[in-house]
Amino acid sequence: MKVRRMVNWLRVQSETQMGMYGAEELTQWKAMALLYYIQGTYLALYGVPAFKDDIVIEKNGPVIAAVRHKYGDRIRIVGKLGKKAWADDYHIEDHHPQLLDVLHAVWMAYGDMSTIELRQQMLQERPCQETQVGQVVDLDALTAYFQTDIVALPEEIQDDPAVDAVHMETV
C-alpha cells in the first residue's frame, strides 16, 4: 500500500473530527508519527510492512520521505480534501480490511494526542532510542518492540460461542 493513501485516510479522519468536534488539523509531523505506529502495529500483527517507505529517525522524530516530499514545509496538511483523498479513503475502507482495522486502532489510540505528545512518547520508545539520527528504523526491531510492548496479543485464543455460532452459519 502506498503511504500517501494512508496519509489521505488520516486526513479524512482529521477533517471529520475538525467538523464534528472542532479538533485540531492534522499536522505533517503527527501524520508521520501515526504512520510509525501504523507500521509497527501492522508488523506486529501480520509480520509484513503496511507500507514500503523507510522510516528515518531525525532529531524531532520519525520522517517518511514521501510524506515530506508531498507536503514540503506545510505544517497542517488537511486543507481542502480533493477527490484523490476521498478515493484513497474509500479504497482502504472497501479493499483492505486488515489495514483498516490497524488504521482505526491507531487513530483511536493516538489520534487525540498532540504532535508534541506523540513526538515525546516515540522518542522514549526503544526503536527510536536505538536508531541513530539519520538512520532507518530496523523493521525487525520495530516488530519485536510492538509485539512485546504495544500490541496486546492473546496468549491463546479463547473460544467464544457467539462467534463460533456465526462462523458455523457461514460454512
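Cut-offs used in this document
- All residue numbers here refer to positions counted from 1 along the written sequence of the relevant chain.
- For a predicted model such as this one, the threshold for reporting local features is a pLDDT of at least 70, and the threshold for listing and counting side-chain atom pairs is 80 or more; totals across whole chains, interfaces and linings nevertheless cover every residue.
- Processing note: side-chain calculations cover all non-hydrogen atoms of the structure and skip hydrogens and water entirely.
- A patch is a set of surface residues, each over 30% in relative accessible area and not in a salt bridge, joined within 9 Å for like charges and within 5 Å for the nonpolar side chains Val, Leu, Ile, Met, Phe, Trp and Tyr.
- Surface exposure here means Shrake-Rupley accessible area, sampled with a 1.4 Å probe, where a residue is shielded only by the protein chains that are shown.
- One side-chain nitrogen of Lys or Arg within 4 Å of one carboxyl oxygen of Asp or Glu is enough to make a salt bridge.
- Positive charges come from Lys and Arg alone, negative charges from Asp and Glu alone, with His and the N- and C-terminal ends not counted.
- Each charge is placed at NZ for Lys, CZ for Arg, CG for Asp and CD for Glu.
- Segments assigned H or I by DSSP are reported as helices when at least four residues long, segments assigned E as strands when at least two residues long, and all are numbered from the N terminus.
- Under the pairing criterion, centres of Phe, Tyr and Trp rings, with the six-membered ring standing for Trp, must be within 6.5 Å; the plane angle then separates stacked pairs below 30 degrees from edge-to-face pairs above 60, leaving the rest tilted.
- Here the term buried applies to any residue with accessible area under 20% of the maximum for its type, exposed to any over 50%, and partly exposed to those in between, with areas from a 1.4 Å probe on protein chains only.

1. Let's talk about a positive patch on the surface
Here's step 1: A grouping of Lys-2, Arg-4, Lys-70 and Arg-74 is seen on the molecular surface, where their side chains present a positively charged patch.
Here's step 2: Secondary-structure assignment places Lys-2 in the segment before α1 (3-21).

2. Remarks on the packing of aromatic side chains
Here's step 1: Tallying each qualifying case throughout the model produces 7 aromatic pairs.
Here's step 2: When the ring of Tyr-37 is compared with that of Phe-146, the centres are 5.9 Å apart and the planes differ by 65°; the resulting orientation is edge-to-face. Here Phe-146 lies in helix α8 (residues 139-150) and Tyr-37 lies in helix α2 (residues 28-46), a separation of 109 residues in the sequence. An identical accessibility class is assigned to Tyr-37 and Phe-146; each is buried.
Here's step 3: Centre to centre, the rings of Tyr-42 and Tyr-46 are 4.7 Å apart; their planes meet at 50°, and the pair counts as tilted. Of the two residues, Tyr-42 and Tyr-46 both sit in helix α2, 4 residues apart, roughly one turn of that helix.

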